[in-house]
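Observations on the model geometry
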Amino acid sequence: MSTPATPPRSLAEALRTRDDVSLAALLRSRPDLITPVPTDLTQLATRAGTRASVVRALERLDRFTLQTAQALAVAADPAPYDELLGLMAGDARDPAVVNALPRAVAALREQALVWGADDRLRLVRTARELLAPAPQHPSPTGLGPTVAEATAGMSPGRIQEIVTAAGLPSTHDPVSAVAALTKLFTSRRRMKTLLAGAPEESLEVLNRLVWGPPYGQVTADPAARLRWLIDRGLLLPTAPGTVVLPREVALHLRAGRAHRETEPVAPPVEAKATHRPQVVDAAAAGQAYTALATVEELLKDWDEGGPTVLRAGGLSIRDLKRTAVALDLAEPVAAFWVELAYAAGLLASDGEADERYAATPAYDEWLQQPAAQRWAHLAETWLTATRTAGLVGGRDAKERTLSALGPGLDRSAAPEVRHRVLTLLAALPEGTSPSTESVLARLRWERPPRGTGGAAPQSDDDLRSRLARWTLNEAELLGVTGRGALSGQGRALLGAAKGTAAGSAATAAKGSVAEDTPSDAGDKLPVHHHRTPTPPEPLSPAEQAVASAAAARLLAPLLPEPLDHVLLQADLTAVAPGPLERPLADVLDVLADVESKGGATVYRFTPGSVRRALDAGRSASDLHDFLTAHSRTPVPQPLAYLIDDVARRHGHLRIGAASAYVRCDDDAVLSEILADKRSAGLRLRRLAPTVLAAQADPAALLDGLRAMGFAPAAESADGDVVITRAHAHRTPPRTAPEPVPDGPPTPDTTLLSAAIRAIRAGDRASTTPLKPSTTPAPAGELPRTGSAETLATMQAAVLTGTTLWIGYVNAEGAASQRVIAPIRVEGGFVTAYDHTADEVRTYPLHRVTGVAELAEG
């Protein structure tokens with residue numbers, strides 16, 4: 001598109017020249033501009049120039065585009081494209097910068113941070129104020145004020161002395177003197193001649209200041225090397241004892257460059273290792289299975305009520321350590337699984353007086369799903385959650401320790417960073433794992449950390465770098481990656497799997513935008529419609545659901561099939577050579593203790609574990625039948641003897657409430673108990689040959705006798721054995737925590753279309769010319785007329801077909817301007833063709849603030 005014949009005089013006029021596609025791109029990249037929807041393009045331009053909105057937009061620029069904005073802030077206002085090119089590419093015209101600069105300017109235009117044609121590029125005023133050099137906040141370029149700015153408070157006599165010392169003829173006024181001095185400093189040939197006569201020590205001073213900061217301290221009687229520079233204006237005083245290197249002098253010494261180093265091209269993500277895709281997928285699938293087992297073990301450990309909730313919320317350090325030991329994991333890894341289960345809605349606090357963490361009803365539903373679907377739920381939750389487990393153990397702004405499941409762990413940037421890291425991995429060839437440092441370098445280029453001014457930081461302590469490191473580690477733990485490379489199911493989770501329903505659905509939903517690139521690297525770019533390549537945005541919830549289902553389908557064939565058998569061994573152990581079917585695993589968890597995990601799980605049978613199964617209502621014959629049915633090897637004789645021996649003694653002693661009592665048909669057993677010194681704490685006494693009374697409660701009496709090696713059974717008031725089964729404590733229904741958004745959400749296509757239509761309608765109403773005889777309303781205000789005049793004007797317009805401009809306030813109190821052609825006025829309503837909405841509408845007259853006639857045509 002060619003440059004308009006009449007250049008825009010403001011950002012609002014520049015926005016009026018954009019088409020709907022360009023406006024949609026602006027609102028999509030800066031969603032804060034659409035909340036609420038502006039009434040017209042003037043209000044949109046005003047909102048785009050507010051400090052908060054500009055800061056947010058600048059923080060989302062890549063390093064080179066931000067450097068371009070910083071260069072515009074130190075250029076003339078307005079600045080021709082050639083001046084900007086000189087500031088970015090220098091006198092040598094770096095080809096890489098020449099090629100990349102059109103893209104950067106186009107990005108700034110699209111973001112409404114720059115407007116105007118190529119010969120009059122203007123940075124919005126707020127951005128210039130934020131990026132321009134000032135003593136309070138030095139420019140990231142390291143440049144100081146111009147000669148005109150530095151000499152603003154200088155006496156005319158002193159300016160003439162500097163002009164004379166610099167070898168220039170005297171002038172009749174300070175303005176022309178400053179102009180002559182500026183012209184000298186911006187001439188490469190004349191400056192070279194001037195500096196050729198400078199002492200070597202003076203040049204060393206300039207070299208120390210050239211890349212910033214440009215300010216230096218001097219005494220009341222400067223040394224000769226400084227006096228030479230001060231006399232010729234190469235250093236100008238800004239305050240007592242302080243001098244500054246003028247911007248024009250610094251640019252000459254820098255060969256015209258505003259930045260010491262520019263990065264026009266994003267650093268590549270380097271490969272660290274390459275594996276066969278099948279190996280990556282298999283490794284990731286194995287880790288996915290481990291992830292499911294870990295979450296199940298965690299919730300099983302908390303099945304009867306987990307740790308108590310701290311008064312300030314969250315998990316205590318002691319409880320996190322205990323959980324880490326139970327899971328045989330490091331504390332940071334245990335915190336990750338706890339946080340993931342919480343974010344997935346599988347655990348929560350129960351809300352009781354003695355508040356504890358426990359599994360939710362959703363956990364039971366999750367357990368009934370196929371393994372691949374359970375993994376997809378966890379992976380999708382991780383990808384979109386804002387809670388950040390890596391912060392656990394750190395400190396908040398008030399130096400309070402951040403605890404797992406506690407407040408203060410939400411970071412709104414986390415989902416975007418996770419998505420971006422995985423997208424970078426997806427861009428590599430399949431099976432390729434990246435270098436961590438190259439990933440961090442790429443992220444820092446795409447979104448420079450605050451305070452770096454677009455320069456590469458010396459460390460990766462910024463939040464985005466830490467989030468990226470955590471993402472790489474967590475993706476491996478979860479099975480999204482395998483051996484550091486993105487797995488097939490990981491690609492599907494992003495909607496990037498080739499040939500999958502997720503990829504095609506996401507592509508169809510997103511649509512595509514053509515990218516314009518100049519045919520010649522030196523060409524100046526068009527004013528509008530230039531689209532810059534941007535990273536793909538995260539999927540919408542509906543698209544993510546499709547992608548997660550596709551990931552589950554890819555993972556399902558790679559997960560091991562559950563087994564219906566174990567291998568019993570003579571040393572009272574059972575080996576499960578793989579994952580067990582749930583009923584078998586549940587019974588074994590009661591009948592035996594887990595001794596070791598890994599590719600195969602080893603269970604050990606003990607008297608305590610067998611007694612636990614008997615307490616749960618199983619008989620000895622039930623246990624024998626169960627083991628015979630599910631063992632591929634014969635039941636070893638030691639195991640059969642163990643079961644029979646424990647069963648023979650199980651329930652021989654009976655305990656009830658007296659406080660508590662012990663009864664046994666064999667009075668010799670009771671005598672043995674009384675003679676045992678370990679029973680002293682139970683305070684037992686014989687009531688009858690077969691009955692002992694205790695002052696301990698039944699539960700304590702049960703535990704005490706079991707610790708002494710007996711196998712008592714509890715009985716009810718009717719004398720029946722009480723069967724104890726594991727009690728699964730559940731919270732009331734809970735919803736998973738909602739992610740904390742990073743500012744306003746990106747508007748969808750429907751909202752964008754409606755918003756652009758409303759903005760253009762309001763703009764047409766506010767810019768339509770009035771008749772010369774009509775008194776215009778003050779700028780930004782609605783027309784105001786009395787009720788009688790409004791009604792008369794409406795009725796006259798019906799007869800003459802005149803078009804009117806009205807102010808209207810709806811039932812919610814929102815004011816708007818409209819252009820209407822009245823058709824009928826009756827019953828307190830006006831029916832008219834609304835040009836701004838392009839349809840016939842009816843308006844109550846009492847909501848019309850005023851009316852004005854429009855000029856014909």
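Residues numbered from 1 in each chain as written. Predicted model: local features only at pLDDT ≥ 70, side-chain atom pairs only at ≥ 80, totals over all residues. Heavy atoms only, no water.

Looking at the overall build of the protein chain
Regarding its fold elements, the protein chain presents 34 helices and 25 strands. Across the 857 residues in the protein chain, those meeting the buried criterion constitute 48%. Taking contacts inside the protein chain between residues at least 6 apart in sequence as the whole, the part at least 24 apart equals 67%. As presented, the protein chain carries roughly 40,500 Å² of accessible surface, and 54% of it is formed by carbon and sulfur atoms. (Helix = DSSP H or I, 4+ residues; strand = E, 2+ residues; numbered from the N terminus. Buried < 20%, exposed > 50% of the residue type's maximum accessible area, 1.4 Å probe, protein only. Contact = heavy atoms within 4.5 Å. Areas by Shrake-Rupley, 256 points an atom, 1.4 Å probe, with all protein chains shown as cover.)

A look at the packing of aromatic side chains
Tallied over the entire structure, the rule returns 4 aromatic pairs. R374 extends its terminal NZ or CZ atom over the ring of W366, reaching a point 5.4 Å from the ring centre. (Phe/Tyr/Trp six-rings, centres within 6.5 Å; stacked < 30°, edge-to-face > 60°. Lys NZ or Arg CZ within 6 Å of the ring centre and 35° of its normal.)

So, the pattern of salt bridges
Close approach of charged atoms lets side chains of opposite charge pair. Here the structure, examined in full by the defined rule, presents 32 salt bridges. Note that R387 and E339 form a salt bridge whose closest N and O atoms lie 2.6 Å from each other. Of the two residues, R387 is situated in the loop between α20 (371-384) and α21 (414-427) and E339 in helix α18 (residues 331-343); the sequence distance between them amounts to 48 residues. In this structure, R387 and E339 share a single accessibility class: buried. Notably, a salt bridge pairs D615 with R706, separated by 2.8 Å at the nearest N-O pair. Of this pair, D615 sits in helix α28 (residues 607-615) while R706 sits in helix α32 (residues 698-707), and the two are 91 residues apart along the sequence. Under the relative-accessibility criterion, D615 is labelled buried at 11%. The class for R706 is partly exposed, based on a relative accessible area of 23%. (Salt bridge = Lys/Arg side-chain N within 4 Å of Asp/Glu carboxyl O.)

Re the packing of α21 against helix α22 (residues 436-446)
Where α21 meets α22, the closest approach of the two axes is 11 Å, and the angle between their N-to-C directions is 120°. In terms of orientation, α21 lies oblique with respect to α22. Pair α21 / α22 crosses with right-handed handedness. Contacts between α21 and α22 pair R420, V421 and L424 from the former with V439, R442, L443 and E446 from the latter. (Axes fitted to C-alpha atoms, helices over the stretch in contact; angles between N-to-C directions. Parallel < 35°, antiparallel > 145°, perpendicular 65-115°, else oblique. Left-handed = near helix turned anticlockwise from the far one by under 90°.)

Remarks on the side chain of R254
You can see R254 is positioned in the loop between α15 (247-253) and β6 (271-274). In this structure R254 is buried but unpaired, with E248 as the nearest side chain of opposite charge at 12 Å. A distance of 2.9 Å separates a polar atom in the side chain of R254 from the backbone oxygen of V210. (Lys, Arg positive; Asp, Glu negative; His and termini not counted. Polar contact = N/O pair within 3.5 Å; in protein donor to acceptor, adjacent residues only side chain to side chain.)

What about the sheet that holds strand β4 (residues 236-239)?
Taken in spatial order, the 3 strands make up an open sheet running β3-β5-β4, and their pairing is antiparallel. The sheet terminates laterally at β3 (215-217) and β4, the two strands that pair on one side only. When strand polarity is set aside, the average angle formed by the axes of neighbouring strands in this sheet is 40°. Bridge analysis of β4 against strand β5 (residues 242-244) gives 3 bridges, and the strand direction is antiparallel. Residue pairing for β5: P237 is matched across the bridge by V243. (Pairing = 2+ DSSP bridges.)

Points about helix α17 (residues 317-327)
Looking only at α17, the buried set comprises D319, L320, T323, A324 and L327. One face of α17 carries all of its buried residues, which in axial projection span an arc of 140°. Set apart from the buried face of α17 by more than 90 degrees, the exposed residues are I317, R318 and V325. Looking at the packing, one finds that the buried side of α17 touches α16 (277-301) and α18. Immediately beyond the C-terminal end of α17, within one or two residues, lies D328, with a positive phi of roughly 60°. (Arc of directions from axis to C-beta.)

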